[in-house]
Amino acid sequence: MPRLLFADDRGRVYDHPDLLAAVRSGDDLLPPPERAVPLPEGATLTMLPGRRPVGIDPAGGGLSVLREVRVGRRTIVPHAVGATLPPGWTRTFLPAAARPPLATVAATPILPQWAYTAAAFGPAGPVAWALHTDRRGHWNPRAHSTPALPGLVRATLAANGNPIYRQLARCALEWRCFTAQNTFTLRDEGAIPSSSGCNAACIGCLSDQEEGMPPASHERIRRAPSAEEMAEVALRHLERAKGRVMVSFGQGCEGEPLTRAREIERAIRLVRARTSRGSIHANTNGSLPEALGRLVDAGLDSVRISTNSASPDLYAAYYRPSGYGLADVVRAIGVAKERGAYVALNLLTFPGATDREGEVERLCDLVARTRVDQVQTRPLAIDPDVYLEVARGRGAGGPALGIRALVAALKAARPGLVVGNFSRARAERGRPARAARRPAPREPGRPARRGEAG
Ligand code: SF4
């Protein structure tokens, strides 16, 4: 069994000589029910300030909170350690950590928006509890943030006054957004930020955070671009890029693209009047079904619609939507499918909430009913304690079946369903998935095990 990791105040990570690692699912701390994988390339160990590491005592097998530990000649108060994963991986467990009983904001700050994942020290080095859900190599961290990138950004800015490139330059260089970088390196999926406002107020929004929360990890585009400006960026990418060529509206540095549907529709029509090359895609909250339908009619051929749950109360508590609800999102999926778009569900996953038995059943029903083509399982990037406050007492209940069992159940609910983390270019879409005859997440009466493979 892998050993417990802990960190000192300066973020230096150590493995404990005796204690074994525990993991967390929702509020439960438990011995790992499945094997960890070697820490993937591009993953990073990260400390959880103010949270005490929780391990397993190898002698008795009980849980043990590590409140103090000797490091050389010093005794330190340790912090819990987790991992953040590269694209293509889905977390299966949270780091096991305990907040002190008298936690203060200064000593135990709310954690920034990362997808904290259980990690430990195995016989050959650090390990994490995660599933490799998309093996496509084109999002490899090694192929991004290259030494050539700053020069390409400078050259593009010098040759083109379009303000979208100024925003994308910050995204590419400061926030290391791979989609923004692709717009300069002219390959695969390029970004077109389109909106500065949103009709939701997600607790874990990457581009807008309330006072008292950690600062948003991206800064939103200040001025929403015109249809002509968006069309210019899209055309350059679609005509010249290599690889899995697509452009996408709806980035981490913006609000909700459907709030600018009229301008995006015009931009798509301008683009498709000039080229039929590549794919036009949108990442959206799916709040405005009719607006989405108009975009598909104009030439949007792929859409990814986000949700954290198929339960209206849990959806509303996290998204805090204004003027729409989960029923509209479900209708938007139907409209996009009917009009012929490739539709992916962007499922924000959280061990111990998304994989509760009742939630799994509702998600399987949603996937089978709406006939989505793909589910992108994306670990929700948020302080685990903040999300549990949102999820506690909401959504459908039941025991947590595990993220592996959730993935397996989704695949069983809709045979041929693509489960992965990246949007598919046109040539990769293959045959559409079929509805299962019986959208059952598991055999009746047989409890799914945590470790069931997908
Ligand atoms: S829908 Fe997107 S942009 Fe809007 S609040 Fe949620 S995460 Fe932020």
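We now turn to the structure provided with this report. As the structure is a prediction and not an experimental result, all values here were calculated from the model. (Residues numbered from 1 in each chain as written. Predicted model: local features only at pLDDT ≥ 70, side-chain atom pairs only at ≥ 80, totals over all residues. Heavy atoms only, no water.)

Remarks on the pattern of salt bridges
(1) Moving on: Summed over the entire model, instances satisfying the criterion amount to 31 salt bridges.
(2) Moving on: Between Arg-74 and Asp-8 there is a salt bridge, with its nearest N and O atoms 3.9 Å apart. Residue Arg-74 is located in strand β10 (residues 74–76), and its partner Asp-8 is located in the loop between β1 (3–7) and β2 (13–21); the two are separated by 66 residues in the primary sequence.
(3) Moving on: Accessibility expressed as a relative area gives 38% for Arg-74, which makes it partly exposed.
(4) Moving on: The partner of Asp-297 in a salt bridge is Arg-339, with the nearest N and O atoms 2.7 Å apart. Here Arg-339 lies in the loop between α8 (326–338) and β22 (342–349) and Asp-297 lies in helix α6 (residues 289–298), a separation of 42 residues in the sequence.
(5) Moving on: The partly exposed category is assigned to Asp-297, whose relative accessible area is 47%.
(6) Moving on: Three or more residues are tied together by salt bridges with common partners; here these are Asp-134, Arg-136, Arg-244, Arg-424 and Glu-428. (Salt bridge = Lys/Arg side-chain N within 4 Å of Asp/Glu carboxyl O. Helix = DSSP H or I, 4+ residues; strand = E, 2+ residues; numbered from the N terminus. Buried < 20%, exposed > 50% of the residue type's maximum accessible area, 1.4 Å probe, protein only.)

Structural notes on the side chain of Thr-84
(1) Moving on: Note on placement: Thr-84 falls in strand β11 (residues 79–84).
(2) Moving on: Those residues in contact with Thr-84, other than ones at most four positions away along the chain, are Ala-43, Thr-44, Thr-46, Trp-114 and Ala-115. (Contact = heavy atoms within 4.5 Å.)

Remarks on the sheet that holds strand β13 (residues 94–95)
(1) Moving on: Ordered in space as β4-β3-β13, the three strands form an open sheet in which the pairing is antiparallel. This sheet does not close on itself; its edge strands, each paired only once, are β4 (28–30) and β13.
(2) Moving on: In terms of strand pairing, strand β3 (residues 23–25) meets β13 through two bridges, oriented antiparallel. Residue Val-23 lies in a different strand from β13, and its bridge partner there is Pro-95. (Pairing = 2+ DSSP bridges.)

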